[in-house]
Amino acid sequence: MKKFLSMVMAAAMVVSLVPATAFAASGDFKTTAKVVDAQNYTETEIKDANGLVSDAEIQLTFTTADITKGGSELTFEFTLDNAKIADTNKNNQADGVTAELRLDSEEQPVELVAKYVDEDEFEVTISADDSKKIKRGDVLAIGVSTGANGIVMDKMTKGKTAVVSVDSDDATVTNGDDLVIASVESKGIKASVKDTVDIATEEVATLEEIKVEPSVGADFDAIISDVDKAELTLKLPSGYEFTARTDVTINGDDTIAFTNDDDEITIKATALDLTADVWKITGLEVEAVSAKAGATGKVKIALTGSDSVTVEAIKVVDYNVVMSVDEDEDVPVIYSGVNVDNKGITDDSDHESLEVTIEETFAGAWNNSKDFTLSVPEGVYITAVKSPAFDNDGEDGAFNEEEWFEAAYEEGDYVDLTFKRRGWAETDPNKNHDPAELTFALELVADPNFEGDVVLKLTGDAVDEQEVTVAKFVKPFVVEAQQNDMQIDYRNTEIPTSVVIKEAEAGLWDKGTVFTLELDKINFDDEGTIAIDDKSGLEVKDNEVKLDTRTYDNDVIYFTVDSRSDDEAATVTISGLQLYMDRSLPAGAYDLDVYSPTMLGAARDVADPAGTAVAGTGYLGDIVLGANVNTSDEIGCVGHINDDFYSTTAKAGFVNIVTAGREDTESFTTKVVVPVGESYLISGENKVTIDVPAYINANGYTMLPLRAVAVALGINSNNVLWDQSTRTATIMYGSKIINMTYGQKVVYVNGAMIPATAAVEITNDRMFLGLRDLGNALGVTDITWDGATKTATLNGNK
């Protein structure tokens, strides 16, 4: 019970109030209200006390109350519900309540008055002179007296409460409504569990600790009227049974006798400690004999003479493996096309994903006799795997998770982690262990053109396929460029449009960062003009540097950041580019690559061509991050960084040669055979593997993979283009430009619409066109279909 230093009831306090000039404070008065030691009574107890409420304390903690200059008074109004002040005297003081202001200092520098307003309402006023201060953290405490003139409840039956609400015209009161100072409960018990336990169907689990307590009263003896007849029972719902386990303990005592009737355990009250204020029951084993996944089990607990209570103690889960991330954590944002050291940019992110957890819902659910795979999207690479468990692995022959991950990565293609069967002893179903759990984070880098969420996928015969988003990549720069239809020429062929490179945010590109522009199979004759916006403050310089055996003044265009941007993100415009176009170049589309070899972790720095090659990091090692320059084959040189891994294409078909050189591209001579349902096709005499086979759609049309068939006929793969934003495929061949869009039932050839028999479809991320429609679009007229073997043949022109 909270005791107060003094009763603030003297009439002398009333006359001590100073004029209402208001407290001078650095901000508004703000307080937070709560009740300490709210009391629970049985009906008998509260009625025996004539409804008198005692021991509760209302506390108002000042959260904003810095007084800089003395002042006057601050008043709080208290309104009771289902309670009233028992008595009042003629001087309007509120008997039965006390007020105290608790400060950090021993001195109490303010005066308090508790004033009666009505039988269910009173006020407390704080006053101070110029020398007095109230500070943040001070507490105004309002106590309920134990005397005969205190606060009494109006209604005293089970379920009734006495509450108080606090308000003030002088201050803001948070949480000031309906604060319970007393409640009336039935005589009985209450129960709780430490946590629910997961269990699989037909499996056994041990319940977490169950606590049983008197709902009111000091101990169990106060709520049991006939000890010899009283029993404590714990009953399970349908679908669950207690096992025959005998080492159940109550408050640590494992000698207490009980009877077990499958779904119900009974304990005589005479075997229990009735003077205890809690019974802690442990060791109860439960089997989910028929309960299905998703069901919850509630244990019904009853004590003779008391109302029964139920607690949710069991959750039935699937017998499987679950992959998850913390949903409350923000997904980390990483820049794409940048190495793990963020070379070339000023960002300091660690390239680390959200922490991922893969765990069994039940011990043995992870079948370690099966492979499983962790995959990231195409264009994203795992450079390292980090786990808190790695710090403790490898000691005294312990399982080493880091080596396990590394071995899995070496089995893959630098994108997937493939874990071989029986690779992790912790998942051995014959081993007696808790559910296996693996926690790790991925260190990631991404292709310069990759943008968006990194979705980690878990697949394999051992697990259900699952996905979680672990990171997000954004580009450190965006390239704007248009397609340029150009005729074959020789020297100084000028590109009519400009290339624009925009910085993602102000100050992102670091000084010394190199940017490179390169065309597929076409050299630049002149670098044109490089212009910088007039607001960002960015400065660049042109470069002409010899690396190894190659000089990059014609093959590529590049520039170096000489001074970072400041107030605004920079825009670099490159115009007047001129090409050297050999007359032997075939008609078709040629891609523009724009990238920063500095950001990619180039093997040699353009600014220091004689420098030492920079080693890669993580499981990708030297392969992805471009180390170990070999001057004989020029691996790692500027313009040829990571060709096997990174796609640096900024504009597909930037230059489109619409007139061929000396090459005849108007007719096909290759015979292409496409069997439905097979992962290959025959191009002339060659068998070519394809990733998605031909199929017959729901309407009975034979659908062929567009890119695979076009390339098999002899079209350059670079001339088969895809626009994700419009979901349109374009084939450029000779004088023809052929367009087709997903879902449409037409094909456009040089702008002319040709009706199709079947709508364009996308299956497994590949575009498919009807057999006859594809032939018509490409100009292949000799097409045969063998219904018996389900084989399509496109015969080239003789």
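Basis of the calculations
- Residues numbered from 1 in each chain as written.
- Predicted model: local features only at pLDDT ≥ 70, side-chain atom pairs only at ≥ 80, totals over all residues.
- Heavy atoms only, no water.
- Helix = DSSP H or I, 4+ residues; strand = E, 2+ residues; numbered from the N terminus.
- Buried < 20%, exposed > 50% of the residue type's maximum accessible area, 1.4 Å probe, protein only.
- Contact = heavy atoms within 4.5 Å.
- Areas by Shrake-Rupley, 256 points an atom, 1.4 Å probe, with all protein chains shown as cover.
- Pairing = 2+ DSSP bridges.
- Polar contact = N/O pair within 3.5 Å; in protein donor to acceptor, adjacent residues only side chain to side chain.
- Axes fitted to C-alpha atoms, helices over the stretch in contact; angles between N-to-C directions.
- Arc of directions from axis to C-beta.
- pLDDT = per-residue confidence, 0-100.
- Core = buried A, V, L, I, M, F, W, Y, C linked by side-chain atoms within 4.5 Å.
- Patch = residues over 30% accessible without salt bridge, like charges linked within 9 Å, V, L, I, M, F, W, Y side chains within 5 Å.
- Salt bridge = Lys/Arg side-chain N within 4 Å of Asp/Glu carboxyl O.
- Lys, Arg positive; Asp, Glu negative; His and termini not counted.
- Charge placed at Lys NZ, Arg CZ, Asp CG, Glu CD.
- Phe/Tyr/Trp six-rings, centres within 6.5 Å; stacked < 30°, edge-to-face > 60°.
- Lys NZ or Arg CZ within 6 Å of the ring centre and 35° of its normal.

## A closer look at the overall build of the protein
Reasoning step 1: A tally of helices and strands in the protein yields 7 helices and 67 strands.
Reasoning step 2: Within the protein, the proportion of its 798 residues that are buried is 47%.
Reasoning step 3: Restricting to contacts in the protein with at least 6 residues of sequence separation, those with at least 24 account for 73%.
Reasoning step 4: Looking at the protein as shown, the accessible area adds up to about 37,600 Å², and 42% of this sits on carbon and sulfur atoms.

## A short note on the side chain of T793
Reasoning step 1: Examined against the element boundaries, T793 turns out to sit in strand β67 (residues 791–795).
Reasoning step 2: On the accessibility criterion, T793 (12% relative accessible area) is buried.
Reasoning step 3: In this view, T793 contacts K671, V672, V673, D782, I783 and T784; residues no more than four positions away in its chain are not counted.

## Thoughts on the sheet that holds strand β44 (residues 523–526)
Reasoning step 1: Within the open sheet, the 3 strands sit side by side as β41-β51-β44. Their pairing is antiparallel. Each having just a single partner strand, β41 (493–494) and β44 make up the two edges of the open sheet.

## Thoughts on the side chain of T741
Reasoning step 1: Along the polypeptide, T741 turns up in strand β61 (residues 736–741).
Reasoning step 2: A relative accessible area of 16% means that T741 is categorised as buried.
Reasoning step 3: Only 2.9 Å separates the side chain of T741 from the side chain of T728, close enough to count as a polar contact.
Reasoning step 4: Look past the residues within four positions of T741 in its chain and what remains in contact with it is T726, R727, T728, V760 and M767.

## Let's talk about the sheet that holds strand β50 (residues 571–575)
Reasoning step 1: Across the sheet, 4 strands lie side by side as β39-β42-β50-β45; this open sheet has antiparallel pairing. Looking at the sheet topology across the chains shown, the edges are occupied by β39 (477–480) and β45 (529–532). Adjacent strand axes in the sheet meet at a mean angle of 15°, parallel and antiparallel pairs treated alike.
Reasoning step 2: Note that β45 and β50 share 4 bridges and pair antiparallel. Looking across to β50, one finds that T529 is bridged to S575.

## Remarks on the environment of T196
Reasoning step 1: You can see T196 is positioned in the loop between β17 (189–193) and β18 (197–199).
Reasoning step 2: Between the C-alpha atom of T196 and that of T296, which follows or precedes it by 100 residues, the distance is 9.2 Å.
Reasoning step 3: Among all residues touching T196, those that are not within four sequence positions of it are E312, A313 and I314.

## As for helix α6 (residues 706–713)
Reasoning step 1: Restricting attention to buried positions, one finds in α6 the residues L706, V709, A710, A712 and L713. Across the axial projection of α6, the buried residues extend over an arc of 160°, all falling on one side.

## Points about helix α7 (residues 771–778)
Reasoning step 1: Among the 8 residues in α7, 6 count as buried, and that is most of the element.
Reasoning step 2: Buried within α7 we find L771, D773, L774, G775, A777 and L778.
Reasoning step 3: Downstream of α7 by a residue or two, G779 has a phi angle that is positive, lying close to 85°.

## Let's talk about the confidence of the model for the protein
Reasoning step 1: Averaged over every residue, the pLDDT of the protein is 78; the share at 70 or more is 77%.
Reasoning step 2: In the model, residues 544–553 has pLDDT below 50 throughout and makes 26 contacts with residues more than four positions away in sequence or in other chains.
Reasoning step 3: The model gives residues 603–642 a pLDDT under 50, and that stretch makes 96 contacts with residues more than four places away or in other chains.

## Observations regarding the nonpolar core
Reasoning step 1: Counting residues in hydrophobic clusters, the biggest one holds 41 residues, and the most contacted among them are W279 and I301.
Reasoning step 2: Looking at this core, the elements that each hand over two or more residues are β18, β20 (210–214), β21 (231–235), β25 (264–268), β26 (279–282), β28 (296–303) and β29 (309–316).

## Description of a negative patch on the surface
Reasoning step 1: A surface patch of negative charge is lined by D81, D118, E119, D154, D167, D169, D170, D177 and D178.
Reasoning step 2: Residue position: D154 is located in the loop between β13 (151–153) and β14 (161–167).
Reasoning step 3: A relative accessible area of 42% means that D154 is categorised as partly exposed.

## Side note on the packing of aromatic side chains
Reasoning step 1: The full count for this structure, using the stated rule, is 9 aromatic pairs.
Reasoning step 2: Ring centres of F29 and F62 lie 6.3 Å apart, and the angle between their planes is 75°; this geometry places the pair in the edge-to-face category. Placement of F29 in the loop between β1 (24–25) and β2 (30–36) and of F62 in strand β5 (residues 57–64) is noted, with a sequence separation of 33 residues between them. Take F29 and F62: they sit in the same class, and that class is buried.
Reasoning step 3: Between F450 and F473, the ring centres sit 6.1 Å apart and the planes meet at 85°, which makes this aromatic pair edge-to-face. Residue F450 is located in the loop between β36 (437–446) and β37 (452–460), and its partner F473 is located in strand β38 (residues 466–474); the two are separated by 23 residues in the primary sequence. F473 matches F450 in its accessibility class, with the two residues each being buried.
Reasoning step 4: Ring pairs connect the aromatic residues F477, W509, F515 and F559, which therefore count as one cluster.
Reasoning step 5: The residue whose ring lies beneath K687 is Y680, and the NZ or CZ to ring-centre distance is 4.3 Å.
Reasoning step 6: Directly above the ring of Y742 sits R727, whose terminal nitrogen or CZ lies 4.6 Å from the centroid.

## Comments concerning the environment of A141
Reasoning step 1: Position of A141 relative to the elements: it lies in strand β12 (residues 139–144).
Reasoning step 2: Here A141 falls in the buried class, since its relative accessible area comes to 0%.
Reasoning step 3: Taking C-alpha positions, A141 is 6.6 Å from E57, a pair spaced 84 residues apart along the chain.

## What about the pattern of salt bridges?
Reasoning step 1: As enumerated under the stated definition, the model contains 10 salt bridges in all.
Reasoning step 2: The salt bridge partner of K268 is E231, with a shortest N-O separation of 2.9 Å. Of this pair, K268 sits in strand β25 while E231 is found in strand β21, placing the two residues 37 residues apart along the sequence.
Reasoning step 3: Residue class for K268 comes out partly exposed when judged on its relative accessible area of 46%.
Reasoning step 4: Of the charged contacts, one joins D510 and R564 as a salt bridge, the two residues approaching to 3.4 Å between their closest N and O atoms. Of this pair, D510 sits in the loop between β42 (499–503) and β43 (514–519) while R564 sits in the loop between β49 (556–563) and β50, placing them 54 residues apart in sequence.
Reasoning step 5: Among the charged side chains, a salt-bridge network with shared partners connects R245, D247 and E285.

## Description of the environment of E505
Reasoning step 1: Positionally, E505 belongs in the loop between β42 and β43.
Reasoning step 2: Given the relative accessible area of 40%, E505 is considered partly exposed.
Reasoning step 3: Distance in space between the C-alpha atoms of E505 and F477 is 8.5 Å, their sequence separation being 28 residues.
Reasoning step 4: Not counting the four nearest positions on each side in its chain, E505 is found in contact with Y335 and A569.
Reasoning step 5: Side chain to side chain, E505 and Y335 meet in a polar contact 2.3 Å long.

## A word on unusual backbone geometry
Reasoning step 1: Phi at D262 takes a positive value of approximately 65°, unusual for a residue other than glycine.
Reasoning step 2: Structurally, the position occupied by D262 is in the loop between β24 (259–260) and β25.
Reasoning step 3: Given a relative accessible area of 43%, D262 falls into the partly exposed group.
Reasoning step 4: In this model, N764 sits at a positive phi of 50°, which is unusual for a non-glycine residue.
Reasoning step 5: Its location among the elements puts N764 in the loop between β64 (761–763) and β65 (766–770).
Reasoning step 6: For N764, a relative accessible area of 58% puts it in the exposed group.

## Topic: the pairing of strand β63 (residues 752–755)
Reasoning step 1: In this structure, strand β62 (residues 746–749) lies alongside β63, joined through 4 bridges in antiparallel fashion. Bridge pairing in β63 links V749 to A752.
Reasoning step 2: Connecting β62 to the next strand, β63, in antiparallel fashion are 2 residues, including N750 with a positive phi near 50°.

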